[in-house]
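# Close look at the chain arrangement
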Amino acid sequence: MAPLTRRTRGTSTVRRGRGRALTAAAAAAALVGLSACATAGGGGGGGGDDTDSPITIGISLPLTGDFSEPGKGVQRGYEAWAQIVNENGGLLGRQVELKILDDQSNADRVVADYEVLIAQDEVDLVFGPFSTRLVVPSARVAEEYGMLFVEPAGAAAEVFEQGFENLFYAAPAIAEDHYNYLAEQILAMPDGERPTTVAVASMDDPFAQGTAYGLRDKLEEGGLTIVADEVYPPNTTDFSPIAAKIADSGADVVIGGTQYQDAVNLIVALQQLNYQPQIAAFSTAPTNPEFSAAIGSRTEGILSPTGYTPDASWPSNVDFVEKYTEIHGNPPGEDEANAYTTGQVVAAAVEAVGCAEQGECQQQLIDWLRDNEVETVVGPLTWDETGKPQGAHLIQQYVDGQIEIVLPADAAEAELIFPKPAW
Amino acid sequence: MTGSLLLQSLILGVLLGGLYALLAAGLTLYFGVMRVVMIAHASFLVLAAYLAWYANTELGIDPLLTLVVTVPLFFGIGVFMQRLLITRLRPATLTMMSVLLTFAVALTIEGVIGFVWGGTQRRIQLPYSSASLEIFGARIAVVKLIAFGLAALSLLALYLLMKHTRFGQALRATIQHPEAAQLVGIRTDRVAGLGFGLGLATAALGGTALSLDATIYPSLHWHWIGPLMAIIVVGGLGSIPGAAIAALVLGVGQSLLQVPLGTTWAQTIFYVALFVTLMVRPQGFFGGRLAQRF
């Protein structure tokens, strides 16, 4: 493996690297093809002309280590996808077979894993791992081999600033776009009714700031005035001075770029100051089950973006939730859904192009995804040239003590409450 | 800055300062009595807050009622800890070794809390959690007022105990001159144990006050110990009024600085104050000579 690893980290241009990789891959394919003939039904797969053997998909996941919890969620999603596809007759009439390796949440391991899967095991397709930290190095390996790389996790903007030409993020939106539906909704309000001032408080964290600043900037462009804009370090415990500044600004809209405890503390501090905004939007925390246990009944009208809900009425989602619940006894979460979405995206390209093997076919799959929309369990997805999804997150709101989807209109379970009732 | 925001920030600063004073009182006592740097003080605060939360969720009782159990319990743990662990340290290296010893205690408590209640962030949900009173256009949260009242009462009781009881006199004598205290018949080791217990009893009070209006999680104590150490150094080690004054000044300072500077910079006031104190007046601004007065 040593020469391969060296090549991935080398400074050769992508084109040259890919050329050499393809040569190596073709040579390896010939060898594997020969040995596959000898061992009938061997799991190697590989040969493009082979119409009966399964389509193999190589995946490396953090099944142990830091990201093992979400990693296992992604594994469940991938496996559910494979099982459902196979029950429905497979891809291009062939069964699919997953080959999953454990990278131990380690960026070096993930690189080696994808090298092995692509060059040695000759898988037909690859799916991405979990977390930005593992997605970026493994996408680079896939790109050198000219493989399509659809990934279920990597919402940070940096993933799309690497110049990848093979990467697609299988989720509705990156952090900056989480609030798009809410921004549209606010800006579409008639003049007298529309809120005019905005207060922002965000944790000093790229994800939290990404969500809050996405909404802030869109509202500012739309003519609203930013009257307070606070940043606090992650270890902040006392939120009353921040709340005092927001309350003093009297903003109509309050946006919290928050994780969990900061959202809870900030909301209670705002309530203690009897500040009553027309719109209160906080990322992440409101979807946490502990949230209403901490704040009690005074959550009415609080908004939050979310990437997935088992209750969404997209046709494939209804199926997915039913089958997944049958297999696991509980509905899928966001990690499972993103993995399933990855499978759906790749499958759509494979069915449309009519092939699934290394070589020429991969570029056709990439080109197809650039130009087409794919129906998934998180809604229809399209991508820009960097692989950034062009959608937005669903917007949820506490309505009568329950968290319900209120935007966009075609996915809504309840009416958006505006202005927010007093908390 | 508008006038109402100034008033609001001032009020919040005073309330915060009161809580800081209560949380720091125990720390200054340990150092005054025994030259012990008690890193685990903040983890005991978090433990008391967890006990209050647990009693509230499981039994539905008001967190303040848990004081009936936690204050004597923590007092006992304090005496026990001093008699069993602290006295075994050699006097020559006591201050330094106590940092290591209590650091280990802090890690143990954090681990136990995580093991028993998990790492999830918890918050006591009271019917009056977000209630507030209005004064001249500013708002005072009821829970913050209760915490402040608890702090004021405890500090007053502690002050009276130190000034006007035989035990207090013995403790002060032990602080000022252990050998002389022994010569006049004070059993300084026993007094030191009770002093440590008293310090930890304030942690029970402080933790309960904290639990009324904070989200708690096992590693929360690391966020508290730094500012609390800064307060007792600025206030003068061993001086309870010094700690109280420093806590109020720094609490109000932090709250007011937050308006023009933002949260990140306002937090540095503790470390700037610590630095200036060590440069200009190492014995502390309000306590006078090290641990000499109450």
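Remember, it's a predicted structure, so these values are computed and weren't measured experimentally. (Residues numbered from 1 in each chain as written. Chains lettered and ligands numbered in written order. Predicted model: local features only at pLDDT ≥ 70, side-chain atom pairs only at ≥ 80, totals over all residues. Heavy atoms only, no water.)

## What about the overall build of chain B?
Looking only at helices and strands, one finds twelve helices and two strands in chain B. For chain B, the succession of helices and strands along the chain, N to C, is α-α-α-α-β-β-α-α-α-α-α-α-α-α. Buried positions account for 55% of the 294 residues belonging to chain B. Relative to all contacts within chain B whose residues are 6 or more apart in sequence, the contacts with residues 24 or more apart total 78%. Working note: accessible area of chain B is about 12,400 Å², and carbon and sulfur atoms make up 70% of it. For chain B, the centre of its 16 positive side-chain charges and the centre of its 7 negative side-chain charges are spaced 14 Å apart. (Helix = DSSP H or I, 4+ residues; strand = E, 2+ residues; numbered from the N terminus. Buried < 20%, exposed > 50% of the residue type's maximum accessible area, 1.4 Å probe, protein only. Contact = heavy atoms within 4.5 Å. Areas by Shrake-Rupley, 256 points an atom, 1.4 Å probe, with all protein chains shown as cover. Lys, Arg positive; Asp, Glu negative; His and termini not counted. Charge placed at Lys NZ, Arg CZ, Asp CG, Glu CD.)

## Here we look at the confidence of the model for chain A
All names here are of chain A. Summarising the model, chain A shows a mean pLDDT of 84, and 87% of its residues fall at 70 or more. Confidence over residues 1-19 falls short of pLDDT 50; this stretch has 26 contacts with residues more than four positions distant or in other chains. Predicted confidence is poor over residues 28-49, with pLDDT under 50, and the contacts of this stretch with residues over four places away or in other chains come to 16 contacts. (pLDDT = per-residue confidence, 0-100.)

## Digging into the interface of chain B and chain A
Taken residue by residue, the interface counts 33 residues in chain B and 31 residues in chain A. When the two sides are added together, the surface that chain B and chain A hide from each other amounts to roughly 2,600 Å², 52% of it contributed by carbon and sulfur. The tally of links from chain B across to chain A stands at zero salt bridges. One can count ten residue pairs in polar contact (both at pLDDT 80 or more) joining chain B with chain A. Elements represented by at least two residues in the side of chain B that touches chain A include exactly α1 (3-34), β2 (138-141), α5 (142-164), α9 (221-235), α10 (240-261) and α11 (263-266) of chain B. Examining the composition of the side of chain B that touches chain A, we find that five residues originate from one element, α1(B), more than from any other. Partitioned by chemical class, the residues of the side of chain B that touches chain A number eleven nonpolar, 17 polar and five charged. (Buried area = accessible area lost by both parts, 1.4 Å probe. Salt bridge = Lys/Arg side-chain N within 4 Å of Asp/Glu carboxyl O. Polar contact = N/O pair within 3.5 Å; in protein donor to acceptor, adjacent residues only side chain to side chain. Nonpolar A, V, L, I, M, F, W, Y, C, P; charged D, E, K, R; others polar.)

## What about a negative patch on the surface?
All names here are of chain A. Residues Glu87, Asp319, Glu322 and Glu326 make up a contiguous surface patch of negative charge. Per element, the largest residue contribution to the negative patch is three residues, and it comes from helix α11 (residues 315-328). Considering the arrangement of structural elements, one finds Glu322 in helix α11. (Patch = residues over 30% accessible without salt bridge, like charges linked within 9 Å, V, L, I, M, F, W, Y side chains within 5 Å.)

## Considering the side chain of B:Ser211
All names here are of chain B. On the secondary structure map, Ser211 appears in helix α8 (residues 188-211). By relative accessible area, Ser211 is classed as buried at 1%. A distance of 2.7 Å separates a polar atom in the side chain of Ser211 from the backbone oxygen of Thr208. For Ser211, the residues in contact, after removing those within four places along its chain, are Ala49, Ala52, Pro63 and Ile124.

## So, the state of the cysteines
Working definition: the covalent bond between the sulfur atoms of two cysteines is a disulfide. Residue and element names in this part refer to chain A. One pass over the full model with this rule turns up one disulfide over all chains. There is a disulfide in this structure between Cys355 and Cys361, and the S-S distance comes to 2.1 Å. Handedness here is read from the sign of the S-S torsion; for Cys355 and Cys361, about 100°, the answer is right-handed. Each member of the pair, Cys355 as well as Cys361, is classed as buried. (Disulfide = S-S within 2.5 Å.)

## Comments concerning the UniProt feature "transmembrane region" (unreviewed entry) in chain B
Residue and element names in this part refer to chain B. With numbering matched to this structure, UniProt assigns "transmembrane region" (unreviewed entry) to residues 6-29, 36-55, 61-81, 93-117, 137-162, 191-212, 224-252 and 259-280. Between the first and last C-alpha atoms of residues 137-162 the distance is 39 Å; the span itself is 81% helix and 15% strand. Helix makes up 95% of residues 191-212 and strand 0%, whereas the separation of the span's terminal C-alpha atoms amounts to 32 Å. (UniProt positions renumbered as here; feature names shortened; annotations may be inferred.)

## Side note on the packing of aromatic side chains
Enumeration according to the criterion identifies 19 aromatic pairs over all chains in this entry. Here A:Tyr232 and A:Phe239 contribute two aromatic rings whose centre-to-centre distance is 5.0 Å and whose plane-to-plane angle is 85°, an arrangement assigned as edge-to-face. The pair formed by A:Tyr232 and A:Phe239 is uniform in burial state, with each residue classed as buried. Between the aromatic rings of B:Tyr50 and B:Trp117, the centroid separation amounts to 5.3 Å while the plane-to-plane angle is 15°, which identifies the pairing as stacked. With a gap of 67 residues between them, B:Tyr50 in helix α2 (residues 41-59) and B:Trp117 in helix α4 (residues 94-117) connect regions that are remote in the sequence. Owing to a relative accessible area of 0%, B:Tyr50 belongs among the buried residues under this scheme. Note that A:Arg216 overlies the ring of A:Tyr213, its terminal NZ or CZ placed 3.9 Å from the centroid. (Phe/Tyr/Trp six-rings, centres within 6.5 Å; stacked < 30°, edge-to-face > 60°. Lys NZ or Arg CZ within 6 Å of the ring centre and 35° of its normal.)

## Some remarks on the sheet that holds strand β4 (residues 149-151) of chain A
All names here are of chain A. Spatial ordering of the open sheet is given by β2-β1-β3-β4-β5, a layout of five strands whose pairing is parallel. The sheet is open, and its two borders are formed by β2 (96-102) and β5 (167-169), each paired with just one other strand. Taken pair by pair, the neighbouring strands of this sheet meet at an average axis angle of 25°, ignoring direction. Sheet topology note: the strand β3 (residues 125-127)/β4 ladder contains two bridges and is parallel. When the bridges of β4 are listed, Phe127 appears paired with Val150. Seen against the sheet, helix α4 (residues 107-120) touches β1 (55-61), β2, β3 and β4 and runs at an angle of roughly 170° to β1. (Pairing = 2+ DSSP bridges. Axes fitted to C-alpha atoms, helices over the stretch in contact; angles between N-to-C directions.)

## Concerning the packing of helix α8 (residues 240-249) of chain A against α1(B)
It is at 10 Å that the axes of α8(A) and α1(B) come closest, and there the two elements cross at 160°. Our classification of the angle between α8(A) and α1(B) gives roughly antiparallel. Along this stretch, α8(A) crosses α1(B), giving a crossing that reads as right-handed. Counting all contacts with α8(A), which are made through A:Ser240, A:Pro241, A:Ala244, A:Lys245 and A:Asp248, the residues of α1(B) involved are B:Ser4, B:Leu5, B:Gln8 and B:Leu12. (Parallel < 35°, antiparallel > 145°, perpendicular 65-115°, else oblique. Left-handed = near helix turned anticlockwise from the far one by under 90°.)

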